[in-house]
Amino acid sequence: DVGTAKSNACVIDVYNTSKDQTGCFVHSVEITEGMLTVGDTIELTVDKEYREKVMRNHTGAHILQAALRKVLGNHCEQAGQLVNDVAVRFDFTHFSALTAAELADVEALVNKYIFDAIPVITREMPIAEAKEMGAMALFGEKYGDVVRVVNAEGCSVELCGGTHVDNTAKLGLFKIRSEGSVAAGVRRIEART
């Protein structure tokens, strides 16, 4: 559940939110009690505990990418990602399996960034300004003239529309659970905050 909606006549569980081709938000829901009718006024409540877990794991994915690039080199780029309330699954480009020492170095660097309690600042700005800041973007993605930048200064600066904590300390601890291959030249790390 990402949240719950209530009207006078029903209770609705929201299990996904997306945008349609026009940019309007669409909620996928299940009516769990009563009936919904056209014209009903709805009160939406976000599942705070779920959202906070997702925020921690999402910010953890950004910091993980920064640590991978610092430990392994700037050739490491995101090749896929899944973030939810339970874990981070991060796919990245790299030519070989990580050694135990490299994995330990990556995990230690992520935890250093967490312990450093770095403020995470999210701002909208012109794309040219974001590029000047060195913000990382996903290859092949289309961006508008104004973009959203998530900046953990001295650690990670990325274009991102997702939800994040406001300080790295809120991640608590970062633990890598596994590392492996998903395709030629693409590795996967699964981790938790």
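Chemist: Which parts of the structure should I look at to understand the environment of Glu 190?
Modeler: Assignment of secondary structure puts Glu 190 in strand β11 (residues 186-192). Here Glu 190 falls in the partly exposed class, since its relative accessible area comes to 33%. The sequence separation of Glu 190 and Lys 131 amounts to 59 residues, and the corresponding C-alpha distance is 29 Å. Excluding residues that lie within four positions of it along the chain, Glu 190 makes contacts with Val 88, Arg 89, Lys 175, Ile 176, Arg 177 and Ser 178.

Chemist: Got a minute to help me understand the packing of aromatic side chains in this structure?
Modeler: Aromatic rings considered in pairs are described by the distance between their centres and by the relative angle of their planes. The tally for this structure, following the rule as stated, stands at one aromatic pair. A centroid spacing of 6.4 Å and a plane angle of 25 degrees characterise the contact between Phe 90 and Phe 92, whose relative ring orientation is stacked. As far as burial versus exposure is concerned, Phe 90 and Phe 92 are alike and both buried.

Chemist: Can you walk me through the nonpolar core in this structure?
Modeler: Proteins that are soluble and globular tend to have nonpolar side chains buried together. Core analysis: the largest hydrophobic core is formed by 30 residues, its most contacted members being Leu 64, Leu 68, Phe 92 and Ile 189. Per-element accounting of this core gives the leading share, eight residues, to helix α1 (residues 48-72). Among all residues touching Leu 68, those that are not within four sequence positions of it are Gly 73, Cys 76, Phe 90, Phe 92, Leu 98, Val 106 and Ile 189. Among the nonpolar cores identified, the runner-up in size contains seven residues, and Met 125, Ala 130, Val 149 and Val 157 belong to it.

Chemist: I keep staring at the sheet that holds strand β6 (residues 88-93) and nothing clicks. Help me out?
Modeler: In any sheet, the strands associate via hydrogen bonds between backbone groups, in a parallel or an antiparallel arrangement. Here we have four strands laid out as an open sheet, ordered β5-β6-β11-β10, and antiparallel in their pairing. Of all strands in the sheet, those with a lone pairing partner are β5 (78-83) and β10 (175-183), marking the two edges. Within the sheet, the average angular offset between the axes of one strand and its neighbour, ignoring direction, is 15 degrees. Direction of pairing for β10 relative to β11: antiparallel, over a ladder of seven bridges. Bridge pairing links Glu 179 to Ile 189 in β11. Across the face of the sheet, α1 comes into contact with β5, β6 and β11 while running at roughly 25 degrees to β6.

Conventions used here
- Note on numbering: residues in each chain are counted from 1, in written sequence order.
- Only residues with pLDDT of 70 or above have their local features reported here, since the model is predicted, and side-chain atom pairs are shown and tallied only from 80 upward, although totals for entire chains, interfaces and linings are computed over all residues.
- For the side-chain quantities, the full set of heavy atoms in the structure was used; hydrogens and water were omitted.
- Segments assigned H or I by DSSP are reported as helices when at least four residues long, segments assigned E as strands when at least two residues long, and all are numbered from the N terminus.
- Each residue is assigned to one of three classes by its accessible area relative to the maximum for its type, calculated with a 1.4 Å probe on protein chains only: buried under 20%, partly exposed between the two thresholds, exposed over 50%.
- Residue contacts are counted whenever heavy atoms from the two residues lie within 4.5 Å of one another.
- By convention, a stacked pair of Phe, Tyr or Trp rings (six-membered ring in the case of Trp) has centres within 6.5 Å and planes under 30 degrees apart, an edge-to-face pair has planes over 60 apart, and any other such pair is tilted.
- Put simply, a nonpolar core is a bunch of buried Ala, Val, Leu, Ile, Met, Phe, Trp, Tyr and Cys residues held in one set by side-chain atoms that sit within 4.5 Å of each other.
- At least two bridges found by DSSP between two strands is the condition for calling them paired.
- Only the contacting stretch of a helix is used when fitting its axis, a line to C-alpha atoms as for every element, and angles between N-to-C directions run 0 to 180 degrees.

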